[in-house]
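Read off the chains here:
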Amino acid sequence: MSMHLNRPASSFEVRRATRASRVAVAGLLIVALAVASAPWWAGRGALHDFVQLASYLVFAMMWNLLAGYGGMVSIGQQAFFGIGGYGMLILSNYGGVSPFVAVPLAAVIATVVAIPVSRVAFRLEGGYFAIGTWVIAEVFRLTVANVSVLGGGSGTSLTALQDVPRALRESLTLWLALAIVAAAIGLVYVFLRSRAGLALTAMRDNAVAASSQGVDVKRARLIVYLVSACGAALAGGLYFLGNLRISPDAAFSVNWTAFGIFIVMIGGLGTLEGPIIGALIFFVLNRFLSDYGTWYLIGLGALAIVVTMFFPQGLWGFVSSRFGLQLFPVGRRVVFVDAGPAQKRTTGGMADPLDTPQATHRA
Amino acid sequence: MNTVINIVVQGVLLGALYGLFAMGQSLVFGVMRLTNTAHGDFIVLLVFVLFALTAFAHLPLAVAIVLLLVIAFGAGYAVQYAILNRVSSRDPLPSLIVTFGLSIVIQNVLQQVFSADPRSIATGSFEAKSLTLAGGITLGYLPLVTLAAAVALAFAMQWLFGRTPLGRAFRATSDDREIVQLMGVSYRRTYALAMGIAFVLIAVAAALYSMRTAVSPTDGPALLLYAFEAVIIGGMGSFWGTFVGGMALGIAQQAGFYFDPGWGIWLGHVVFLCVLVARPQGLLPKTA
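Quick caveat: nothing in here was measured; it's all calculated off a predicted structure.

Asker: Run through the overall build of chain A, naming residues and quoting values.
Answerer: The helix and strand tally for chain A stands at 16 helices and four strands. Expected size for 363 residues packed as a compact globule is a radius of gyration near 21 Å; at 22 Å, chain A falls within 12% of this value. Its C-alpha atoms give chain A principal-axis dimensions of roughly 75 × 50 × 40 Å. Here chain A holds 363 residues, and 46% of them are scored as buried. Sequence separation of 24 or more characterises 76% of the internal contacts of chain A that already satisfy a separation of 6 or more.

Asker: Break down the overall build of chain B for me, with residues and values.
Answerer: The number of helices and strands found in chain B is 11 helices and two strands. What you see in chain B, going N to C, is helices and strands ordered as α-α-α-α-β-β-α-α-α-α-α-α-α. Relative to its length of 288 residues, chain B is compact, with a C-alpha radius of gyration of 19 Å against a globular reference of 19 Å. Its C-alpha atoms give chain B principal-axis dimensions of roughly 60 × 50 × 35 Å. Residue burial in chain B is summarised as follows: out of 288 residues, 51% are buried. By sequence separation, contacts in chain B at least 24 residues apart represent 76% of the contacts at least 6 residues apart.

Asker: Report on the confidence of the model for chain A, specifying residues and quantitative values.
Answerer: Summary statistics for chain A give a mean pLDDT of 84 and a share of 90% for residues scoring 70 or more. Across residues 342-363 of chain A, confidence stays below pLDDT 50; counting only partners more than four residues off in sequence or on other chains, it has 38 contacts.

Asker: Residue-level account of the interface of chain A and chain B, with values.
Answerer: Interface size is commonly expressed as the accessible area that is lost once the parts come together. With 32 residues of chain A at the contact, the number on the chain B side is 35 residues. Only α6 (126-145), α12 (254-267) and α14 (294-310) of chain A provide two or more residues apiece to the side of chain A that touches chain B. It is α6(A) that provides the largest number of residues to the side of chain A that touches chain B, a total of 11 residues. Broken down by class, the residue content of the side of chain A that touches chain B amounts to 23 nonpolar, seven polar and two charged.

Asker: Could you give an account of the environment of A:Ala235, naming the residues involved and the relevant values?
Answerer: All names here are of chain A. Inspection of the secondary structure puts Ala235 in helix α10 (residues 217-243). The exposure class of Ala235 is buried, given the 33 C-beta atoms found within 10 Å. With 81 residues separating them in the primary sequence, Ala235 and Trp316 have C-alpha atoms 23 Å apart. Not counting the four nearest positions on each side in its chain, Ala235 is found in contact with Ser55, Val58, Phe59, Phe81 and Gly84.

Asker: How would you summarise helix α4 (residues 92-114) of chain B if you had to cite specific residues and measurements?
Answerer: Residue and element names in this part refer to chain B. The first and last C-alpha atoms of α4 sit 33 Å apart over 23 residues, in line with the 33 Å expected at 1.5 Å per residue. Burial analysis of α4 places 17 of its 23 residues in the buried class, which makes it a mostly covered element. Residue Ser115 follows α4 closely and has a positive phi angle near 70°.

Asker: I'd like to hear about the packing of helix α4 (residues 78-93) of chain A against α10(A), residue by residue, with values.
Answerer: When two helices pack together, you describe them by how their axes are tilted relative to each other and by the distance separating the axes. Residues and elements named next belong to chain A. Direction vectors running N to C along α4 and α10 enclose 50°, while the axes themselves pass 6 Å from each other. Taken together, α4 and α10 sit at an angle that is classed as oblique. Here α4 runs over α10; the crossing is right-handed. Of the residues in α10, those in contact with Phe80, Phe81, Gly82, Ile83, Gly84, Gly85, Gly87, Met88 and Leu89 of α4 are Ala229, Ala232, Ala233, Leu234, Ala235, Gly236, Gly237, Tyr239, Phe240 and Leu241.

Asker: Requested: an account of the environment of B:Ala149, with residues and values cited.
Answerer: Residues and elements named next belong to chain B. Position of Ala149 among the secondary structure elements: in helix α5 (residues 141-163). Of the residues examined, Ala149 has 19 C-beta atoms within 10 Å and is grouped as partly exposed. Residues Ala149 and Asp260, 111 residues apart in the sequence, show an inter-C-alpha distance of 30 Å. Look past the residues within four positions of Ala149 in its chain and what remains in contact with it is Leu20, Val204 and Leu208.

Asker: Mind laying out unusual backbone geometry, listing which residues take part and the relevant values?
Answerer: Residues and elements named next belong to chain B. Phi angles above zero are rare outside glycine, and His58 is one such case at about 55°. Inspection of the secondary structure assignment puts His58 in the loop between α2 (39-56) and α3 (61-87). Although it is not a glycine, Ser115 sits at a positive phi angle of roughly 70°. On the neighbour-count criterion, Ser115 (11 C-beta atoms within 10 Å) is exposed.

Asker: Any details on helix α15 (residues 314-323) of chain A? Residues and values, ideally.
Answerer: All names here are of chain A. Among all positions in α15, only Gly314, Trp316, Gly317 and Ser320 are buried. Along α15, the residues classed as buried sweep out an arc of 115° about the axis, all on the same side. Along α15, exposed side chains directed more than 90 degrees from the buried face belong to Phe318, Arg322 and Phe323. On its buried side, α15 packs onto α12, α13 (273-289) and α14. Looking one or two places after α15, you find Gly324, whose phi comes out positive at around 65°.

Parameters at a glance
- Residue numbers here run from 1 along each chain, matching the order of that chain's written sequence.
- Here the convention is simple: chains get letters from A, ligands get numbers from 1, in the order in which they are written.
- For this predicted model, a pLDDT threshold of at least 70 governs which residues receive local features, and a threshold of 80 or more governs which side-chain atom pairs are given and counted, while totals over whole chains, interfaces and linings are taken from all residues.
- Here a strand is any run of E in DSSP of at least two residues, a helix any run of H or I of at least four, and the numbering for each starts at the N terminus.
- Restricting the calculation to C-alpha atoms gives the radius of gyration, and the globule rule supplies 2.2 Å times the number of residues raised to the power 0.38.
- Partly exposed residues are those whose C-beta has more than 12 but fewer than 20 other C-beta atoms within 10 Å; 20 or more makes a residue buried and 12 or fewer makes it exposed, with C-beta atoms placed from the backbone.
- Working definition of a contact: two residues with C-beta atoms, positioned from the backbone, lying within 7 Å.
- On a range of 0 to 100, pLDDT expresses the predictor's confidence in each residue.
- Under the scheme applied here, ten amino acids are nonpolar (Ala, Val, Leu, Ile, Met, Phe, Trp, Tyr, Cys and Pro), four are charged (Asp, Glu, Lys and Arg), and all others, including Gly, are polar.
- For a helix, the expected span equals 1.5 Å multiplied by the number of residues minus one.
- Note on definitions: angles span 0 to 180 degrees between N-to-C directions of axes, and those axes are lines fitted to C-alpha atoms, for helices only across the stretch in contact.
- The labels follow the angle: roughly parallel below 35 degrees, roughly antiparallel above 145, roughly perpendicular from 65 to 115, and oblique for the rest.
- Note on convention: near helix rotated counterclockwise from far helix by under a right angle means a left-handed crossing. Clockwise means right-handed.
- Each direction from the helix axis to a C-beta atom contributes to the arc, which is the arc of those directions.

Structure, rendered in structure tokens:
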């Protein structure tokens, strides 16, 4: 992963990887292999758990991309989650498409739907944008609830998989989940490291200043919005493929966004590592405490309030600044390598300057 | 023809309630630039406080409502002072997340304490009384009282904002909260007062709403969206705008309900989105 842009004429190099990032990539590959072989060693419950975890993770990553990098706080991402779920179901039940192909196809549909939706939503900014997107999600929920072909308010089942043996179905769903998670992490990582990602980070920190440096803020916002709609739809299609049953209240529930916000805030907003850690924490909490019903939700809400008020950088932000770790370095760090007396101090004492957290992350 | 008149009349009466919901939201937007996603849940919370005062403490309704207004002012002041002042900044994210968290906490605490059953406030059949106009159009007394309250409060808020020292402090703090401190105005205290007053408006809305229909602990988000839509349709910065926005939303929903009960709320949302596209500044934006 290391990418040293050595320029012969000058005496510096741009570092884009850290020791931790190389370890992280190796670790993720091992985890991916373990999950991929899970059908041969894990129980059915574990496979289903992973598919759910993958949906939460991808959905939260996309909310993080939108809010943490794009600066657009949405409470309406469940719109695209639901479109992903219903799109997958309609394509497979009525269109004869294999559900495993229908999941990415539904994500493409959601991305296309997001284009006109963005024209409406972008009329609003900040907090107004947040509630405006919620209204849009409600329009989708009420529309689907009123369409009787789709089972109306009580929903419908995915019947297209009836003839597929259960073991095969569960394995294929797991592999699709793994592929979607890998693609989401990989694509977001590559995107944030690209020119467009740099523009996005600049825009997040100060939209006016970024605009003055030639960043097309409007276009960058639109791209982020479309990418995150696509990802949320992938998460939705995957979730309901694992669930086999869908209803408007479940698919377009604002709870999806609430869980996404919780995951991102606990893990660390505006970091790639944050949602991964947050999703794991949320999944464990959900697994062991959701039986407590209202008390569990009161606890989640209160925890989100406390974290936002007192630990706004989240768990990963804390670890990253305390121990100087970056698993997915998206920034660039200039390191002077010649022995000039003026520059020597900048490298002195630091093993690997990119390992320091102030490289790119929001203060 | 009668049907159209009836839709408009009932829409205006329903819209008065939405206008009431929205005035508190409008005040909070205007003074604090705060997007309070728990606004609807605060309305529901006060409904349940009123329910507890009348059904558990057995207070007469009038006494309970007066007490509710006092409790509301104190609660609003305290919420703003203790929690929301800490997260108010140019970045909308912290306040959005904190109010969203509050919304989840309030919904679930109410479910835990009062169960998920919808509750309403008994008024001794007042809510069923109505007068019938020529052409068979009926006007309920309660909706008429609601309309009168909405008009009176829009007048009162417009006067408070335009003509009183407190209103001046609100407007100045809204413009620049750093500079007002040089004039001896604490923005923290001003914000807390504004939220206290917003809660009084919410309490009036909550009382009238709970007499009209049964309210369940999870109704808050829907009320938030109606209030928000009324504010945006009406145009930011004027209470009359908010009032008119509520009417427009009420008429749109009534028209939708007339065609099919399933599409009423939907049509309200869609009309809101159309206004947003066609006239993003709202119907009655503040021109001054």
